[in-house]
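Listed here are the chains, written in short residue letters.
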Amino acid sequence: MGQKVIAKYIGEETPELLERLARATEQKKKQTKSNSNSSRLIRLLRAEGYTGLDAVTGALLMNLARSGVFRLGGTIVGTIAFRLYEGELGIKLGSDRLAQTGDLDIASFERLSLAIADKVTQSTSSVLESMNFDPVPSLNKKSVWRWREARSETLVEFLTPACGDESIRLLPSLGVSAQSLHYLNYLIADPIKAVALYHSGLLVQIPRPEVYAMHKLIVADRRRRGTDELKSRKDLAQADFLIEALADLRPDELSEAFEDAISRGPKWQSRIKASLARLPNATERLAEITG
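Read on for a plain summary of the structure. Here the residue index of a chain counts from 1 through its sequence in written order. For this predicted model, a pLDDT threshold of at least 70 governs which residues receive local features, and a threshold of 80 or more governs which side-chain atom pairs are given and counted, while totals over whole chains, interfaces and linings are taken from all residues. Side-chain metrics rest on all non-hydrogen atoms present in the structure, leaving aside hydrogens and water.

## What to know about the overall build of the protein chain
Move 1: Secondary structure counts use DSSP, requiring at least four H or I residues in a row for a helix and at least two E residues in a row for a strand, with both numbered from the N terminus. Each helix and strand in the protein chain was counted, giving 13 helices and nine strands.
Move 2: A burial count over the protein chain gives 43% of its 291 residues as buried.
Move 3: Contact between two residues is taken to exist if any of their heavy atoms lie within 4.5 Å; hydrogens are not considered. When contacts within the protein chain are restricted to residue pairs at least 6 apart in sequence, those whose partners lie at least 24 apart make up 67%.
Move 4: Only the protein chains shown count as cover for residues, with accessible areas throughout obtained via the Shrake-Rupley method and a probe of 1.4 Å. Here the protein chain displays about 16,100 Å² of accessible surface, and carbon together with sulfur accounts for 51% of that area. Each residue is placed in one exposure class: buried if its accessible area under a 1.4 Å probe, protein chains only, is under 20% of its type's maximum, exposed if it is over 50%, and partly exposed if it falls in between.

The structure is reproduced here in structure tokens:
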């Protein structure tokens, strides 16, 4: 085992072929050096106490990245994205409670998925099945958008912005269905790249931190008026933490995000103001930077 030699014919030896082989060898050397540098940087971040990924989530994100999920517009949202703001903003999370989760939420635009002439190399559903994730039954038996790994209880959800009713939609480029939600288009419209601490680092997409903070104010009020008060409190805590950090680190971006969010209509204003009424410190910091 490991001693079998596989020979493949790649063409007659010509100057052009030899040049291509030389370029490929050089590219492989550069990639090896790049991987080594990435591993060193990841070790430094771990040594500084930055939050890494657990084995299940890390392996899952690695396989999704390899299949092309993030290249084709997939954006991590929710608490996993919040964790990655440590590296983006150069800060430490104030409380483990803010970063604890058993969920991975990935969002993408349905229209983007329909428009791009490209697909993941392996369907997202088959990636999940290969890692022992089982589909979670829903009212729509033909469309699965949630998957759970029984051993770790890790839950993966796929989301997409709602245009009208919040229904189940298909994301063809990713090979998976998704739950459509209001306000999600605002969250994932202009994502940024981020590195997750797993192996030599994983390049993924997350929302901009100032947009994430505003979105959490909105969904916190929405959940509070529903049946999920615990999640509402966590939303508020994450928004409060980011507003405090951004008011010092990126006040202009935070101010622009706040002004943009409240300019989007009475419902947006109502939800944001209702959440801020529960966050006196965040209200004060926003007042300072917006004048």
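What follows continues from the structure just given.
## As for the nonpolar core
Move 1: Membership of the largest hydrophobic core comes to 78 residues, with the highest contact counts inside it found for Ile76, Met214 and Leu242.
Move 2: Here this core gets nine residues from one element, more than from any other, and that element is helix H10 (residues 229-249).
Move 3: Sequence-distant contacts of methionine 214, that is, excluding residues within four places in its chain, are made with Tyr186, Ile243, Leu254, Ala257, Phe258 and Ala261. Within this scheme, the nonpolar core is defined by two criteria: the residues are buried Ala, Val, Leu, Ile, Met, Phe, Trp, Tyr or Cys, and they are joined through side-chain atoms within 4.5 Å.

## Thoughts on the packing of aromatic side chains
To describe a pair of aromatic rings, you give the distance between the ring centres and the angle between the ring planes.
Move 1: Only centres within 6.5 Å qualify two rings of Phe, Tyr or Trp (six-membered ring in Trp) as a pair; their planes then separate them into stacked at under 30 degrees, edge-to-face at over 60, and tilted for everything else. Within the structure shown, the criterion is met by five aromatic pairs.
Move 2: Summarising the aromatic geometry, the rings of tyrosine 85 and tyrosine 212 are spaced 5.4 Å apart at their centres and angled 70° between planes, so their arrangement reads as edge-to-face. With a gap of 127 residues between them, tyrosine 85 in helix H4 (residues 85-89) and tyrosine 212 in helix H9 (residues 209-224) connect regions that are remote in the sequence.
Move 3: For tyrosine 85, a relative accessible area of 1% gives the class buried.
Move 4: The residue whose ring lies beneath arginine 146 is tryptophan 145, and the NZ or CZ to ring-centre distance is 5.3 Å. Two conditions define a charge sitting above a ring: the NZ of Lys or the CZ of Arg must be within 6 Å of the ring centre, and it must be within 35 degrees of the ring normal.

## Section: helix H12 (residues 266-276)
Move 1: Among all positions in H12, only Trp268, Arg271, Ile272, Ser275 and Leu276 are buried. Each buried residue of H12 sits inside an arc of 130° when the element is viewed along its axis, so together they form one side. Exposed residues on H12 whose side chains face more than 90 degrees from its buried face are Pro266, Lys267 and Lys273. Read the arc as the range of directions from the helix axis to the C-beta atoms.

## Re the pattern of salt bridges
Move 1: Any Lys or Arg side-chain nitrogen found within 4 Å of a carboxyl oxygen on Asp or Glu counts as a salt bridge. One pass over the full model with this rule turns up 16 salt bridges.
Move 2: Between arginine 222 and glutamate 166 there is a salt bridge, and its shortest N-O distance comes to 2.5 Å. Of this pair, arginine 222 sits in helix H9 while glutamate 166 is found in the loop between strand E5 (155-161) and strand E6 (168-171), placing the two residues 56 residues apart along the sequence.
Move 3: In this structure glutamate 166 comes out as partly exposed when scored by relative accessible area, which is 32%.
Move 4: For the salt bridge of lysine 216 with aspartate 235, the shortest nitrogen-to-oxygen distance reads 3.0 Å. Residue lysine 216 is found in helix H9, and its partner aspartate 235 is found in helix H10; the two are separated by 19 residues along the sequence. Note on accessibility: lysine 216 and aspartate 235 belong to one class, buried.

## Structural notes on helix H11 (residues 251-262)
Move 1: Between its terminal C-alpha atoms H11 stretches 17 Å, which fits the 16 Å expected from twelve residues at 1.5 Å a residue.
Move 2: Burial in H11 covers these residues: Leu254, Ser255, Ala257, Phe258, Ala261 and Ile262. Down the axis of H11, the buried side of the element spans an arc of 165°, and every buried residue falls inside it. In this structure, H11 carries Asp252 and Glu256 as exposed residues pointing more than 90 degrees from its buried face.
Move 3: Elements that come into contact with the buried residues of H11 comprise helix H8 (184-188), H9, H10, H12 and helix H13 (280-290). The span expected for a helix works out to 1.5 Å for each residue beyond the first.

## Description of unusual backbone geometry
Move 1: The phi torsion at asparagine 132 lies on the positive side, around 65°, for a residue other than glycine.
Move 2: On the secondary structure map, asparagine 132 appears in the loop between helix H7 (124-130) and strand E3 (133-135).
Move 3: Given a relative accessible area of 54%, asparagine 132 falls into the exposed group.
Move 4: Phi at tyrosine 183 takes a positive value of approximately 75°, unusual for a residue other than glycine.
Move 5: Summarising the element assignment, tyrosine 183 is placed in the loop between strand E7 (176-181) and H8.
Move 6: You can call tyrosine 183 buried: its relative accessible area is 11%.

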